[in-house]
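# What the coordinates show
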4 protein chains.
Amino acid sequence: MAGNSFGTLFRITTFGESHGPAIGCVIDGCPAGLEVDPHLIQQELDRRRPGQSSLVTQRKESDTVQVLSGIFEGKTTGTPIALLIPNEDQRPKDYNHLKTAYRPSHADYTWQAKFGHRDHRGGGRSSARETAARVAAGAIAKILLRKAGIQVQAYVSQVGALALETPYTELDLSQTENTPVRCPDPETAQQMIRLIETTRKAGNTLGGVITAVVTGCPPGLGEPVFDKLHADLGKAMLSINAVKGFEYGSGFAGAGMHGSEHNDRFTEATAGRLRTSTNFSGGIQGGISNGMDIYFRVAFKPVATIMQDQASVDEAGNPVTIKGKGRHDPCVVPRAVPIVEAMAALVLADHLLRQHVNDEWLMMNDE
Amino acid sequence: MAGNSFGTLFRITTFGESHGPAIGCVIDGCPAGLEVDPHLIQQELDRRRPGQSSLVTQRKESDTVQVLSGIFEGKTTGTPIALLIPNEDQRPKDYNHLKTAYRPSHADYTWQAKFGHRDHRGGGRSSARETAARVAAGAIAKILLRKAGIQVQAYVSQVGALALETPYTELDLSQTENTPVRCPDPETAQQMIRLIETTRKAGNTLGGVITAVVTGCPPGLGEPVFDKLHADLGKAMLSINAVKGFEYGSGFAGAGMHGSEHNDRFTEATAGRLRTSTNFSGGIQGGISNGMDIYFRVAFKPVATIMQDQASVDEAGNPVTIKGKGRHDPCVVPRAVPIVEAMAALVLADHLLRQHVNDEWLMMNDE
Amino acid sequence: MAGNSFGTLFRITTFGESHGPAIGCVIDGCPAGLEVDPHLIQQELDRRRPGQSSLVTQRKESDTVQVLSGIFEGKTTGTPIALLIPNEDQRPKDYNHLKTAYRPSHADYTWQAKFGHRDHRGGGRSSARETAARVAAGAIAKILLRKAGIQVQAYVSQVGALALETPYTELDLSQTENTPVRCPDPETAQQMIRLIETTRKAGNTLGGVITAVVTGCPPGLGEPVFDKLHADLGKAMLSINAVKGFEYGSGFAGAGMHGSEHNDRFTEATAGRLRTSTNFSGGIQGGISNGMDIYFRVAFKPVATIMQDQASVDEAGNPVTIKGKGRHDPCVVPRAVPIVEAMAALVLADHLLRQHVNDEWLMMNDE
Amino acid sequence: MAGNSFGTLFRITTFGESHGPAIGCVIDGCPAGLEVDPHLIQQELDRRRPGQSSLVTQRKESDTVQVLSGIFEGKTTGTPIALLIPNEDQRPKDYNHLKTAYRPSHADYTWQAKFGHRDHRGGGRSSARETAARVAAGAIAKILLRKAGIQVQAYVSQVGALALETPYTELDLSQTENTPVRCPDPETAQQMIRLIETTRKAGNTLGGVITAVVTGCPPGLGEPVFDKLHADLGKAMLSINAVKGFEYGSGFAGAGMHGSEHNDRFTEATAGRLRTSTNFSGGIQGGISNGMDIYFRVAFKPVATIMQDQASVDEAGNPVTIKGKGRHDPCVVPRAVPIVEAMAALVLADHLLRQHVNDEWLMMNDE
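We now turn to the structure provided with this report. Here the residue index of a chain counts from 1 through its sequence in written order. Naming scheme: in the order in which they are written, chains are lettered from A and ligands are numbered from 1. Note on the predicted model: pLDDT of at least 70 is required for a residue's local features to be given, and 80 or more for side-chain atom pairs to be given and counted; whole-chain, interface and lining totals, by contrast, use all residues. Side-chain figures throughout are based on the complete set of non-hydrogen atoms in the structure, without hydrogens or water.

Moving on: the overall build of chain A. When helices and strands are counted, chain A shows eight helices and 18 strands. Each radius of gyration is computed over the set of C-alpha atoms, and the globule rule expresses the reference value as 2.2 Å times the number of residues to the power 0.38. The C-alpha radius of gyration of chain A comes to 21 Å, within 12% of the 21 Å expected for a compact globule of 367 residues. Projected onto its principal axes, the C-alpha positions of chain A cover 70 × 50 × 40 Å. The classification of residues rests on relative accessible area computed with a 1.4 Å probe and restricted to protein chains. Under 20% of the type maximum is buried, over 50% is exposed, and intermediate values are partly exposed. Considering chain A as a whole, with its 367 residues, one finds that 68% of them fall into the buried category. Taking contacts inside chain A between residues at least 6 apart in sequence as the whole, the part at least 24 apart equals 70%. Computed over 37 positive and 40 negative side-chain charges, the separation of the two mean positions in chain A equals 8 Å. For helices the rule is a DSSP run of H or I covering at least 4 residues; for strands it is a run of E covering at least 2, with both sets numbered from the N terminus onward. Residues are treated as being in contact if the distance between any of their heavy atoms lies within 4.5 Å. For the purpose of counting charges, residues Lys and Arg are taken to be positive, whereas Asp and Glu are taken to be negative. His and the chain ends are not included. For charged residues, the charge sits on one atom: NZ in Lys, CZ in Arg, CG in Asp, CD in Glu.

Next up, the structure:
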């Protein structure tokens, strides 16, 4: 129960530290016969990798993925898919000055409280580098979802205090990848880029918000009690480094509304499926998808490593000054977009397979 | 994987429909030798039960709990604890007019999409009545946590658009139970009560927000990757009926801050433990508790059943009018306070036992 | 991880002590829409219950099952099925003389070592009474399997040293229920009955062997690595009280054979399915069913409670004499036949649903 | 639920096919601070690897293990331990003649029934090569157990019909590794070696039995209902390729005994622990260890690949002749000894950590 696995039927286990030889993951439960083009995995990793633009950390990692098992002649075999990403640009010495000091708002102190020791090499496993393994696994989940007509798209909707207020339904999400900040509104994107650059030069960092949209999800995904679809999406998002909040559909704003305005009215069926005239439910009712778009928002805190001196204490409890050093992102949300998509895809793939059990049974039972 | 269990080492499974003979739960993994006073379980159920004030549904349920197993001579035995709550005031006929119509923003349609049929008796298992079983189990989790010095307290911090802005640190949480609305600020509580009464008379409903605070949590609880303490708390909250959002510590507001202001500085140790001068982290760093207060906010949508006519469609896709009927809450947050506490207690009890594995090992390994 | 649940997709959790108010179980994951006649559940319980013949314990328990949830208008709803069996003939005082003494080959001592206390009321949860809950759950699994054409039948093939050597293929299994000893060969059955009676009169007890046969199982059930079909069957059987061994197909005898004689040759296909000319494989190859009969044998030790004085020690380590008292079976195998069937049915129902995931996917992927 | 993970708190996930680039495993839940000498892992792999003697397959694999994560400066960190074993001597072309034919008593046909395709490269994941990953993981479990004073030793007790009847208590188990057949009795070992050589020359194969003994296990390990210690050991053994049966303590022979002879009498305590004068219980009562030696026997079928022509059918149902080819073991038991030990160590390490939860709690509760 050490918590390095995620999912039930489509289940991943990740491993590896930021400054060890490699990171990776094992996917257990991906069905047999799925055509997987390895370039699609690499493509997702390239969206997350360091050094892709001036907005992100300049640590040099090609993040080249190796498929060790589970894919044969271009198709999944039904056996575990092991994916390996060697670490290349390890500079653990960058962290030597932090060997005994606790960095503010990092996991140094809590890690030591938990395990009785600490891995001072750049956070070890608490580093966001771990999420590269999730992105690789998520790429395969995305390919699986595509067979069912489901698509996951995320974008940056807020950087620091600068928020894009336009609802996703009025945005052209195909523009998301056109700027390094991954905001689909070109004008806001430029403002965000400038804000990040200015903040970086000041040695400071920013938080932000990512909005995600799932289209094409059939009704029936999600379990009604504990494993509600949005509960699993929420856990998935909150398990990403630096995430502080999750809301879906009307979210926190919905708390301020009346039932008469918040209720989504059913309209006549299109192709046998009901639709609703509004979508405050965010595509999920009672924890189960209803066939409308699923959308949610994820809040990220500002990066804790700043290029400024900070007062802290060391293991002996003595005051120390932490000097900002190393190669870090001034704002994580641009690189977190593929991570959010990957985690959402993993949740949906899992619930798709869980619903397969019901679907197959209902068919058999009818005969 | 039908999703009716929650937790890993302290694990509950709930069962029962709102209009069947009984609901209940089984707790597996509660350690042996814990003194359990059954009145404490009943006391928590009384906080959640219908009919406790004019603010809530007038359905009449005494919610009397029976302990079927796992407790002998006042102490837990280490075996499964089965708790049973008979249903008393079932009026499934109240729902006959809804047999084929889909209620807006309810789980009728999605349930049918999932299972190929529906239980029209007041929502069946998608009814919030299921949460009574969670409250009963949570009462035992609370007793366990008390042995470790951990306390969970929640209160209503927003009803509709009416929000209490005072931070929890400046409130007297012992006042929470003094008003039926469970807001610890007496003046705001009266305003909330009036707002709920007015809305109820208009046949409408309201959403709201609950804030929860965990005190006395030792450092080290939570797992660093997927099972982060706040990720499990988030899933727990999002699994409660009507919840639309979760944030902890600085939450969504933190997304708008700079790293230099958001970082929590460590101060010198008190009794061997570090503290931080601010607590934007919400008591959790890298998914692991740091010994500071854990606090979070949970957003609830307005109740979907309103006492007004609403347009909808039936199973054949024909337009129908749903008439508001039955006995429902105009706003769920007052009764949801013990549910939030129960789910938080279940998560913390689980992670406390998970950390026991590490603690015992570290001791054994040192010898 | 307290180990009171079994199965993954068709998952049961049992609860209750032999001398508490009730025992029972919750089935999570039974698909919706299955017609369940409650009499079939009762019928299986009647096969296991005490007092059914002079061969078994005379404890008086009607073992009447109550369905608390998950079945509505004669069909499963897809939600948890809770089954309750009240205890009736509790005589915990029968055990007062054992309050501090450790009964030989019982779980008294190990239980205390594990939990730091003991429940001296007739074994509490370590009593075989717990298996009644498994039989009730297994009855529903059997109904599910019948929809897929799968049938599970067990019978007594050995009592003490008296073994029925005829292979199952030459027996008429419809005769099993004709005698209280549940051996389908009439002549051997009479010998077994006499042996049990004689042994009982001598205040002694016997072990025995149960053979089980699964017919109609389609190819493809079972997972290739850890969750091999026979590995899960083996765990299921070994989890039954008093079981000491499990073998399937050729079993221990197969260890003495050559590959050239042990290999099962494929013959031409019947109705699209291959068959083998021999079946040393026991219907399973590489952990996956091959469509032939699955058969296995389960060894039970003699009942530990004998009606003779036995030397033992008490909690203080002092020598004591245990006097045989109470109402116990002289040989468990006749009553264990429905338990073996129930556990086998639970394993097969679980793997049937697990294979549903693959089947549904393969169909979707082909489109 | 694809079944490639094993264990709950000490949990492994294996991956990799016999003819892909590598196999390996991830251990999640190994506690922090355990000193691990990588040579001990390699040493166990060397006991299992091909080519170590003339009795086993001559496939050339050095089976060199790489530690990718979870160990830092010679100690476990509490994070997942990933172990990689590259495949070296892959000759998938050896199997081209089998592309469409089904080998008797192999998993070819069942695999195809399950996954809708097959991996004809030497069995792919159904190959016993997968067990190398288990041996690597088991080596770490053994190191963990040693800290608790627990030791696991296995040996060959039967090859074909040639059985060593001497009980383990009268053998010198330190002799096991002195002969390539891993039988601790020198004379029997020589007979076994001759039998294997003769059989191999005849192009035939043999089954066998392995006996395992666990010493130093404290009382209290194992869960009383489904996860009985011997049930988990049984599943572990039955999940090893070619295993047909499992028995512990008196096993199948116990079924023929009377209660009066089978009951193990408690004797006075040694160092605060009770002992029994006999040990038909095999060190486990009610599923929980009692502090005596745990011992069990595991039956293996003869290797299915023989160097003789065999009649079979192909995918189209046409008769074909399978010619014996490739590099295979004439008898698996000598190489299976470290596999049996590894799987037993994994089960015990898991239950040791599970019992840590109870132990730590009992201590905390007493304060």
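Let us look at the side chain of Thr13(B). Mapped onto the elements, Thr13(B) comes out in strand β2 (residues 11-15). The class for Thr13(B) is buried, based on a relative accessible area of 4%. Within the structure, Thr13(B) has its side chain in polar contact with the side chain of Ser5(B) (distance 2.8 Å). Setting aside residues no more than four positions away along its own chain, Thr13(B) makes contact with Asn4(B), Ser5(B), Gly24(B), Cys25(B), Val26(B), Thr13(C) and Val26(C). Between N or O atoms, a polar contact is any pair within 3.5 Å; within protein, one atom must be a potential hydrogen donor and the other a potential acceptor, and residues adjacent in sequence are included only when both atoms are from side chains.

Think of it as a corkscrew move, a rotation about one axis and a shift along it, taking one chain copy to the other. Least squares is used to superpose the copies, and the fit set is the C-alpha atoms of residues whose pLDDT is at least 70 in both copies. For the match of chain A to chain B, the screw axis carries a shift of 0.0 Å, the RMSD comes to 0.0 Å, and the turn is 180°. Overall, the copies show the geometry of a two-fold rotation axis. Interface residue correspondence from chain A to chain B reaches 99%, placing this contact among same-surface, isologous pairings.

Rotating chain D by 180° and translating it 0.0 Å along the rotation axis places it on chain A, where the RMSD comes to 0.0 Å. Residue by residue, 100% of the interface of chain D is reproduced at the interface of chain A, so both copies engage with the same surface.

This part is about unusual backbone geometry. Of note in the backbone geometry, Arg182(A) takes a positive phi value of approximately 60° without being a glycine. As for its placement among the helices and strands, Arg182(A) is situated in the loop between β9 (162-163) and α4 (186-201). Under the relative-accessibility criterion, Arg182(A) is labelled buried at 5%. The backbone phi angle of Glu73(B) is positive, close to 50°, even though this residue is not glycine. Summarising the element assignment, Glu73(B) is placed in the loop between β5 (71-72) and β6 (75-76). Relative accessible area serves as the criterion here: at 64%, Glu73(B) is assigned to the exposed category.

Further remarks concern the pattern of salt bridges. Each salt bridge in this description consists of a side-chain nitrogen of Lys or Arg and a carboxyl oxygen of Asp or Glu lying within 4 Å of one another. Following the criterion strictly, the structure yields 84 salt bridges over all chains and no others. A salt bridge links Lys235(B) to Asp227(A); the shortest N-O distance between them is 2.8 Å. Taken together, the positions of Lys235(B) in helix α5 (residues 229-238) and Asp227(A) in the loop between β10 (208-215) and α5 (229-238) put the pair across two chains. There is no split in this pair, since Lys235(B) and Asp227(A) are both buried. The salt bridge partner of Glu341(D) is Arg47(D), with a shortest N-O separation of 2.8 Å. Remark: Arg47(D) occurs in helix α1 (residues 38-48) and Glu341(D) occurs in helix α8 (residues 333-366); sequence separation between them is 294 residues. Accessibility assignment for this pair places Glu341(D) and Arg47(D) in one class, buried. Taken together, the salt bridges that share partners define one network made up of Glu44(A), Arg47(A), Lys142(A), Glu177(A), Arg182(A) and Glu341(A).

In many reports, interface size means the accessible area that the parts give up when they come together. Listed by partner, the interface residues are 108 residues for chain A and 107 residues for chain B. The three residues of chain A that bury the most area against chain B are Lys114(A), Phe226(A) and Lys244(A), which together make up 12% of that side's buried surface. In this structure, the connection of chain A to chain B is made through six salt bridges. Here chain A is connected to chain B by 44 residue pairs in polar contact (both at pLDDT 80 or more). Looking at the side of chain A that touches chain B residue by residue, the classes come out as 43 nonpolar, 46 polar and 19 charged. Both strand β11 (residues 243-248) of chain A and strand β11 (residues 243-248) of chain B contribute to a ladder of three bridges, which runs antiparallel. By buried area we mean the combined loss of accessible area, with a 1.4 Å probe, across both parts when two parts are placed together. Amino acid classes used here: Ala, Val, Leu, Ile, Met, Phe, Trp, Tyr, Cys and Pro are nonpolar; Asp, Glu, Lys and Arg are charged; the rest, including Gly, are polar. Any two strands between which DSSP finds at least two bridges are classified as paired.

With that out of the way, let us pick up the packing of α1(D) against α8(D). Residues and elements named next belong to chain D. A fitted line through C-alpha atoms serves as each axis, taken over the contacting stretch for helices, and the angle formed by two N-to-C directions is quoted from 0 to 180°. Look at α1 against α8: their axes get within 7 Å of each other, and the N-to-C directions meet at 140°. By the angle between their directions, the pair α1 and α8 is classed as oblique. Between α1 and α8, the residues in contact are Glu 44, Arg 47 and Arg 48 and Arg 335, Val 337, Pro 338, Ile 339 and Glu 341, respectively. Residues that form the contact of α1 with α8 fall into these classes: three nonpolar, no polar and five charged. Small angles under 35 degrees read as roughly parallel and large ones over 145 as roughly antiparallel, with 65 to 115 read as roughly perpendicular and the rest as oblique.

Before going further, it helps to examine the interface of chain D and chain A. Tallying the contact residues gives 37 residues for chain D and 37 residues for chain A. Here chain D packs against chain A, burying approximately 2900 Å² in sum over the two surfaces, 65% of which is carbon and sulfur. On inspection of chain D and its partner chain A, the count reaches zero salt bridges. Our count for the chain D to chain A interface comes out at eight residue pairs in polar contact (both at pLDDT 80 or more). Those elements that place two or more of their residues in the side of chain D that touches chain A are β2 (11-15), β3 (22-28), β7 (81-86) and α2 (108-115) of chain D. Looking at the side of chain D that touches chain A element by element, the count peaks at four residues for β2(D). Within the side of chain D that touches chain A, the residues separate by chemical class into 16 nonpolar, 15 polar and six charged.

This next bit is on the packing of aromatic side chains. When two rings of Phe, Tyr or Trp (its six-membered ring) have centres within 6.5 Å they constitute a pair, described as stacked for plane angles under 30 degrees, edge-to-face for angles over 60, and tilted for the intermediate range. Under the defined criterion, the tally for this structure stands at 30 aromatic pairs over all chains. Residues Phe252(A) and Phe252(B) carry aromatic rings whose centres are separated by 6.0 Å and whose planes lie at 65° to one another, so their mutual orientation is edge-to-face. Here Phe252(A), found in helix α6 (residues 251-254), pairs with Phe252(B), found in helix α6 (residues 251-254), and the two come from separate chains. Per residue, the accessibility class of Phe252(A) equals that of Phe252(B), and both read buried. Connected via pairs of aromatic rings, a cluster forms that spans Tyr102(A), Tyr109(A) and Phe266(B).

Once that is clear, we can look at the pairing of β2(B). Residues and elements named next belong to chain B. Most of β2 sits inside the fold, with four of its five residues counted as buried. Bridge count for strand β1 (residues 5-6) against β2 is two bridges, and the pairing is antiparallel. Bridge pairing in β2 links Phe 6 to Ile 12. Across five bridges, β2 lies against strand β3 (residues 22-28) in antiparallel orientation. Within the sheet, the bridge partner assigned to Thr 13 lies in β3 and is Val 26. A loop of six residues connects β2 with β3, the two strands running antiparallel in sequence, and Gly 16 in this loop sits at a positive phi of about 110°.

What follows deals with the sheet that holds strand β2 (residues 11-15) of chain C. Judged by pairing direction, the sheet is antiparallel, and its five strands sit side by side in the order β1-β2-β3-β7-β4 (chain C) without closing on themselves. Strand pairing shows two members of the sheet lacking a second neighbour, β1 (5-6) and β4 (66-67) of chain C, which therefore form its edges.

Attention shifts here to the nonpolar core. Put simply, a nonpolar core is a bunch of buried Ala, Val, Leu, Ile, Met, Phe, Trp, Tyr and Cys residues held in one set by side-chain atoms that sit within 4.5 Å of each other. Counting residues in each nonpolar core, the largest one holds 356 residues, and the members touching the most others are Phe296(A), Phe296(B), Phe296(C) and Phe296(D). The contacts of Phe296(B), once residues within four sequence positions are left out, are Ile210(B), Thr211(B), Ala212(B), Leu233(B), Met237(B), Phe246(B), Glu247(B), Tyr248(B), Val340(B) and Ala344(B).

Glancing now at the pairing of strand β18 (residues 319-322) of chain D. Where strand β17 (residues 310-313) of chain D lies against β18(D), four bridges are found, and the strand directions are antiparallel. Its bridge partner being in β18(D), Ala311(D) is matched across the sheet by Thr321(D).

So, on to the sheet that holds strand β10 (residues 208-215) of chain C. Strand pairing in a sheet relies on backbone hydrogen bonds. The paired strands run either parallel or antiparallel. If you trace the 10 strands from one edge of the open sheet to the other, you get β9(C)-β8(C)-β10(C)-β16(C)-β11(C)-β11(D)-β16(D)-β10(D)-β8(D)-β9(D), paired in antiparallel fashion. Pairing within the sheet leaves two strands with one partner each, and these edge strands are β9 (162-163) of chain C together with β9 (162-163) of chain D. As judged from the five bridges shared by strand β11 (residues 243-248) of chain C and strand β16 (residues 294-300) of chain C, these two strands associate in the antiparallel manner. Note on β16(C): the bridge partner recorded for Phe246(C) is Val298(C). Packed onto the sheet, helix α4 (residues 186-201) of chain C meets β8 (151-159) and β9 of chain C and runs at close to 55° relative to β8(C).

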